Amino acid sequence: VIFFVLIPIFTELWTKEGERQAWNVVSSLIGISVVFLAATALIYFIIAPALIKILAPGFSSETAQLSVRLSRTISPLIFIFSLAIIFQSVLNAYRNFSIPAIASLTFPLGIIIGVLFFSRKLGIYSLALGAVGGSGLQFLIQWIAVMKMRIGRFIRFSVDHLVLKKIIKLALPI
């Protein structure tokens with residue numbers, strides 16, 4: 001959702017008010033997202049057992065336990081993927097499409113590497129850990145590319161910007 005909302009608003013703000021102001025909004029969005037997404041991932045981690053009971057009431061005890069452990073293993077994906085999408089949006093606004101495209105390959109590559117090298121030792125967890133590792137690498141590649149731009153403060157925790165409120169308002173219905 002943020003991907004589709006952020007690019008046009010970032011570009012419009014950059015054109016009308018300058019690059020620094022556009023970065024102030026992105027920095028605030030990142031700061032708010034870090035807090036919100038970390039809390040969401042933590043809540044998901046905590047409520048995984050109840051969620052599995054609701055979503056899969058017919059699972060045996062053993063299968064339910066496995067589902068909970070796998071759900072908890074991949075819970076960081078909520079945080080990692082969402083921040084990676086924000087960085088992808090910024091890079092795309094700068095018409096940099098190659099880094100996000102290359103970075104996107106790391107997710108399936110992480111899963112493949114997880115299975116090839118760790119499945120004998122970790123079993124099905126190799127898939128989950130490969131997914132988390134691949135998405136972490138996707139995030140890291142894009143984060144480094146954005147940091148190389150060195151524009152403005154990176155993370156702010158301000159919600160008082162009207163454009164930021166507009167982004168949140170546009171994203172909520174979706």
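No experiment lies behind these values; they were computed from the predicted model shown.

Each value, and the rule that gives it
Residues numbered from 1 in each chain as written. Predicted model: local features only at pLDDT ≥ 70, side-chain atom pairs only at ≥ 80, totals over all residues. Heavy atoms only, no water. Helix = DSSP H or I, 4+ residues; strand = E, 2+ residues; numbered from the N terminus. Buried < 20%, exposed > 50% of the residue type's maximum accessible area, 1.4 Å probe, protein only. Contact = heavy atoms within 4.5 Å. Areas by Shrake-Rupley, 256 points an atom, 1.4 Å probe, with all protein chains shown as cover. Expected span 1.5 Å × (residues − 1). Bend = angle between axes of the 7 residues up to and from the residue. Salt bridge = Lys/Arg side-chain N within 4 Å of Asp/Glu carboxyl O. Phe/Tyr/Trp six-rings, centres within 6.5 Å; stacked < 30°, edge-to-face > 60°. Lys NZ or Arg CZ within 6 Å of the ring centre and 35° of its normal.

Asks: Which parts of the structure should I look at to understand the overall build of the protein chain?
Replies: Across its full length, the protein chain holds eight helices and zero strands. Ordered by position in the sequence, the α and β elements of the protein chain form the string α-α-α-α-α-α-α-α. Here the protein chain holds 174 residues, and the buried ones make up 36% of them. Partitioning the contacts of the protein chain with sequence separation of at least 6, the portion at a separation of at least 24 is 78%. Accessible area for the protein chain stands at about 10300 Å²; split by element, carbon and sulfur atoms hold 70% of it.

Asks: Please clarify how helix α2 (residues 19-55) should be interpreted in this entry.
Replies: In this model, α2 (37 residues) spans only 45 Å end to end at C-alpha, well below the 54 Å of a helix rising 1.5 Å per residue. Most pronounced at Ile47, the bend in α2 amounts to some 60°, and the proline Pro49 follows within four residues.

Asks: In this structure, what is going on with unusual backbone geometry? I would like to understand it.
Replies: Glycine aside, residues mostly have negative phi, and peptide bonds are mostly found in the trans state. Residues other than glycine seldom take positive phi values, yet Arg95 does so here, at roughly 60°. The residue Arg95 is located in the loop between α4 (76-93) and α5 (98-104) in this model.

Asks: What's the story with the pattern of salt bridges in this structure? I'm lost.
Replies: Pairing between side chains of opposite charge can happen when their charged atoms approach one another. Using the criterion set out here, one finds one salt bridge in the structure. Here Lys16 and Glu12 are joined by a salt bridge, their closest N and O atoms 2.9 Å apart. Here Glu12 and Lys16 lie together in helix α1 (residues 2-17), a separation of four residues that amounts to about one turn. A residue is classified by how much of its surface remains accessible, and Lys16, at 64% relative accessible area, is exposed. Overall, the relative accessible area of 35% leaves Glu12 in the partly exposed class.

Asks: So what exactly am I meant to see when it comes to the environment of Gln88 here?
Replies: Relative to the elements of secondary structure, Gln88 occurs in helix α4. Here Gln88 falls in the buried class, since its relative accessible area comes to 19%. Residues Gln88 and Val146 lie 58 residues apart in sequence; the distance between their C-alpha atoms is 8.9 Å.

Asks: What am I meant to see in the packing of aromatic side chains here?
Replies: Here the distance between the centres and the angle between the planes together describe a pair of aromatic rings. For the structure on display, the rule yields four aromatic pairs. Ring geometry for Phe87 versus Phe139: centroids 5.5 Å apart, planes at 50°, classification tilted. Of the two residues, Phe87 is situated in helix α4 and Phe139 in helix α7 (residues 125-147); the sequence distance between them amounts to 52 residues. Judged by relative accessible area, Phe139 falls into the partly exposed class, the value being 22%. Here the aromatic residues Trp14, Trp23 and Tyr94 are joined through ring pairs into a cluster of three or more. The ring of Phe45 has Arg72 lying over it, and the distance from NZ or CZ to the ring centre is 4.8 Å.

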